[in-house]
Amino acid sequence: MTSKNDGFTALDSILAKASLTESSPWRSGAYTPELDLARSLLSIPIREKAKQQQGRTAKALDAWIAHELRRLGFPESEVWPRLRQPRVLPDGLAEVERKIDALASELRRFETTSKGTRSYIQDKGFRASIKDLVDHSLGNANAYILGDFYAKQIDVGLSSWRRGPDILISTKTMFSSYLKNLKNRHEEAVGEVESLRRRHPMAIMGYAYLVHSSIYEEDGAYPILNDILHRLRRDGEAFDATMLLVGTWDKDSESPHVEILEEPDHSLSAAAFFETIASKVTERSPIHEHRLVRTRRGDSLAALLPADLSDDALLNEDAEKDKDEE
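In this report, the structure presented in the accompanying data block is examined. (Residues numbered from 1 in each chain as written. Predicted model: local features only at pLDDT ≥ 70, side-chain atom pairs only at ≥ 80, totals over all residues. Heavy atoms only, no water.)

1. Let's talk about the overall build of the chain
Next, step 1: What the chain contains, in helices and strands, is eleven helices and ten strands.
Next, step 2: Overall size of the chain, expressed as C-alpha extent along the three principal axes, is 75 × 55 × 40 Å.
Next, step 3: Here the chain, with 326 residues, has 46% of them falling under the buried criterion.
Next, step 4: Pairs at least 24 residues apart make up 69% of the contacts formed inside the chain by residues separated by at least 6 positions.
Next, step 5: Only carbon and sulfur atoms are counted for the fraction: they give 50% of the accessible area of the chain, which is about 17,300 Å².
Next, step 6: Charge separation in the chain, taken as the distance between the mean sites of 45 positive and 54 negative side-chain charges, equals 5 Å. (Helix = DSSP H or I, 4+ residues; strand = E, 2+ residues; numbered from the N terminus. Buried < 20%, exposed > 50% of the residue type's maximum accessible area, 1.4 Å probe, protein only. Contact = heavy atoms within 4.5 Å. Areas by Shrake-Rupley, 256 points an atom, 1.4 Å probe, with all protein chains shown as cover. Lys, Arg positive; Asp, Glu negative; His and termini not counted. Charge placed at Lys NZ, Arg CZ, Asp CG, Glu CD.)

2. Topic: the packing of helix H3 (residues 56–72) against helix H8 (residues 270–283)
Next, step 1: As a packed pair, H3 and H8 sit with axes 11 Å apart at the nearest point and diverge in direction by 50°. In terms of orientation, H3 and H8 fall into the oblique class. Here H3 and H8 pass one another in a crossing that is right-handed. Together, Trp64, Ile65, Glu68, Leu69 and Leu72 of H3 and Ala270, Phe274, Ile277 and Ala278 of H8 make up the contact between the two elements.
Next, step 2: Across the contact of H3 with H8, the residue classes break down as eight nonpolar, no polar and one charged. (Axes fitted to C-alpha atoms, helices over the stretch in contact; angles between N-to-C directions. Parallel < 35°, antiparallel > 145°, perpendicular 65-115°, else oblique. Left-handed = near helix turned anticlockwise from the far one by under 90°. Nonpolar A, V, L, I, M, F, W, Y, C, P; charged D, E, K, R; others polar.)

3. A short note on the pairing of strand E6 (residues 156–160)
Next, step 1: Judged by how many residues are buried, E6 sits mostly within the fold: five of five residues are covered.
Next, step 2: Where burial is concerned, the two faces of E6 agree: the one with Val156, Leu158 and Ser160 and the one with Gly157 and Ser159 are both buried.
Next, step 3: Of the pairings in the sheet, the one linking strand E3 (residues 79–80) to E6 comprises two bridges and is antiparallel in character. From the neighbouring strand, valine 79 faces E6, where its bridge partner is leucine 158. (Pairing = 2+ DSSP bridges.)

4. Some details on the pattern of salt bridges
Next, step 1: Summed over all chains, the structure comprises 21 salt bridges.
Next, step 2: With a closest N to O distance of 2.2 Å, aspartate 36 and arginine 39 form a salt bridge. In this pair, aspartate 36 and arginine 39 both sit in helix H2 (residues 35–47), three residues apart, roughly one turn of the helix.
Next, step 3: Arginine 162 serves as the salt-bridge partner of glutamate 289, at 2.8 Å between the closest nitrogen and oxygen. With glutamate 289 in the loop between H8 and helix H9 (291–297) and arginine 162 in the loop between E6 and strand E7 (164–174), this residue pair connects regions lying 127 residues apart in the sequence. (Salt bridge = Lys/Arg side-chain N within 4 Å of Asp/Glu carboxyl O.)

5. Some points on the side chain of histidine 200
Next, step 1: Following the sequence through the fold, histidine 200 ends up in the loop between helix H6 (178–199) and strand E8 (204–212).
Next, step 2: Within the structure, the side chain of histidine 200 is placed 2.9 Å from the backbone oxygen of leucine 146, a separation counted as a polar contact.
Next, step 3: In this structure, histidine 200 is in contact with Ile145, Leu146 and Pro165, ignoring residues within four places of it in sequence. (Polar contact = N/O pair within 3.5 Å; in protein donor to acceptor, adjacent residues only side chain to side chain.)

6. Quick notes on the pairing of E7
Next, step 1: Burial analysis of E7 places eleven of its eleven residues in the buried class, which makes it a mostly covered element.
Next, step 2: Relative to E7, E6 runs antiparallel, the two sharing five bridges. Bridge pairing in E7 places valine 156 opposite isoleucine 169.
Next, step 3: Taking the residues between adjacent antiparallel strands as the criterion, E6 and E7 are bridged by three residues.
Next, step 4: With eight bridges joining them, E7 and E8 adopt parallel strand pairing. Residue pairing for E8: threonine 173 is matched across the bridge by leucine 210.

7. A closer look at the sheet that holds E6
Paired through their backbone hydrogen bonds, the strands of a sheet run either parallel or antiparallel.
Next, step 1: Strand order across the open sheet formed by six strands is E3-E6-E7-E8-E9-E10, with mixed pairing between neighbours. Each end of this open sheet is capped by a strand with a single partner; those strands are E3 and strand E10 (260–262).
Next, step 2: The strands that H2 touches are E8 and E10; relative to E10, the one it contacts most, it runs at about 125°.

8. Description of the packing of aromatic side chains
Next, step 1: What the rule picks out here adds up to eight aromatic pairs.
Next, step 2: An angle of 45° between the planes, with centres 5.7 Å apart, marks the rings of tyrosine 31 and phenylalanine 274 as tilted. Of this pair, tyrosine 31 sits in strand E2 (residues 30–31) while phenylalanine 274 sits in helix H8, and the two are 243 residues apart along the sequence. For the pair formed by tyrosine 31 and phenylalanine 274, the shared burial category is buried. (Phe/Tyr/Trp six-rings, centres within 6.5 Å; stacked < 30°, edge-to-face > 60°.)

9. Re the nonpolar core
Next, step 1: Counting 44 residues, the largest nonpolar core has Trp64, Ile65, Leu69, Phe74, Phe274 and Ile277 as its most contacted members.
Next, step 2: Elements with a minimum of two residues in this core: H2, H3, E6, E7, E8, strand E9 (241–248) and H8.
Next, step 3: Of the residues forming this core, the biggest block, eight residues, is contributed by H3.
Next, step 4: Among all residues touching tryptophan 64, those that are not within four sequence positions of it are Pro33, Glu34, Leu35, Leu37, Ala38, Leu41, Met243, Leu245, Ala270 and Phe274.
Next, step 5: Of all hydrophobic cores here, the second largest spans 29 residues; its members include Ile145, Ile215, Ile228 and Phe239. (Core = buried A, V, L, I, M, F, W, Y, C linked by side-chain atoms within 4.5 Å.)

Structure representation (structure tokens):
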């Protein structure tokens, strides 16, 4: 409903062409992330030489991670950032959004065909009320989740009114001065996860890092970052999954693009990251929740559930029982 350039707009056309219709992104029990798509998305701000402080490269990383969550089978309308504005929309409002879009489309069609005729809507207040509804944003540009003491902006995630936060992912990019900045980033991550974990102990928390291959040239920087990312996911302490991607591009080129996106440590790879998220989310939810994620992964027990045993069906059944008891 808004066309404001929010940093994701330049990525929308690439994501719109990316397939979400394949039966499963799993191959022989292993998740297969679309790293070619990640290179394409990251190359846009890199090619335009967006400054790191602008956050556009981080947004490209966010958009790709959200795409992978949708490939896992999480509802498109509940994963943020969404494929359209507003990037964050409360679950359950997707249908309202669809109906408002249909109303706007019908109003445009009617006014185009009836302009100058007696059928044209003469009441300005009536037209203005419809336009106000169409222009009103149902969601938000950013997602803030309340932690133990303050609300923290979350880069990528999934949440619903009924379940609460399922997935909360922070993303970071760093392309120079690694040793100078790693300590601060580590401390920020520890504080962030501690605050959110206290309030949302069931949520799956992830931490994804993108650096330039120049990190190998700074003495000691890579092993320190590798160690930090392993420490941040120690059992029962902090994040559930951490990921490290190393990109290569010519910083001096007039039109640079991401040539290589390495995963130097398999335990920090994209495949391991999304496998862990899928595993932890389903472990912490009853079997009728996140059913598509389970079936895409090949969960035979989930496949035995009746077709109409959806979350909504269970809720409607409970509502009918309540009526009968009254």
